[in-house]
Amino acid sequence: MGSVLQQREVTPGDGFVSDEQRRLAEQKRAERARVLQNLNLQRENILSQRTSSPARRSALEAALAQIEAQIANLG
């Protein structure tokens with residue numbers, strides 16, 4: 001008795017990931033990393049600014065809060 005190899009159809013639930021899916025996932029990871037790096041640079045820029053103007057300080061604090069919220073949403 002010889003065994004017959006049967007080729008099984010691969011479905012999404014099988015745990016196999018196509019090259020296209022891997023490529024798209026890597027693109028998403030790279031884009032997220034770029035966005036996160038950009039937000040961190042903006043954050044550092046804001047933190048490095050010094051001002052004696054209350055209005056400017058308030059604007060910087062608001063911008064910093066917005067950037068930190070975006071960073072938290074990515075996390």
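Procedures and definitions
- Residues numbered from 1 in each chain as written.
- Predicted model: local features only at pLDDT ≥ 70, side-chain atom pairs only at ≥ 80, totals over all residues.
- Heavy atoms only, no water.
- Helix = DSSP H or I, 4+ residues; strand = E, 2+ residues; numbered from the N terminus.
- Buried < 20%, exposed > 50% of the residue type's maximum accessible area, 1.4 Å probe, protein only.
- Areas by Shrake-Rupley, 256 points an atom, 1.4 Å probe, with all protein chains shown as cover.
- Expected span 1.5 Å × (residues − 1).
- Contact = heavy atoms within 4.5 Å.
- Core = buried A, V, L, I, M, F, W, Y, C linked by side-chain atoms within 4.5 Å.

A. A look at the overall build of the chain. When helices and strands are counted, the chain shows two helices and zero strands. Looking at the chain as a whole, 8% of its 75 residues are labelled buried. Accessible area of the chain: about 6,600 Å², with a carbon and sulfur share of 53%.

B. Molecular detail of helix α2 (residues 54–74). The end-to-end C-alpha distance of α2, which contains 21 residues, comes to 30 Å, matching closely the 30 Å that a straight helix rising 1.5 Å per residue would cover. Against α1 (19–48) lie the buried residues of α2.

C. Examining the nonpolar core more closely. Grouped together as the largest cluster of nonpolar side chains are six residues: Leu39, Ile46, Leu60, Leu64, Ile67 and Ile71. Listing elements by their share of this core, those giving two or more residues are α1 and α2. A total of four residues in this core trace back to one element, the largest contributor, which is α2. When sequence neighbours within four positions are dropped, the list of residues in contact with Ile46 reads Leu60, Ala63, Leu64 and Ile67.

D. Just the environment of Gln42, in detail. The residue Gln42 is located in helix α1 in this model. A relative accessible area of 33% means that Gln42 is categorised as partly exposed. A sequence separation of 25 residues divides Gln42 from Ile67, and the C-alpha atoms of the two residues are 7.6 Å apart.

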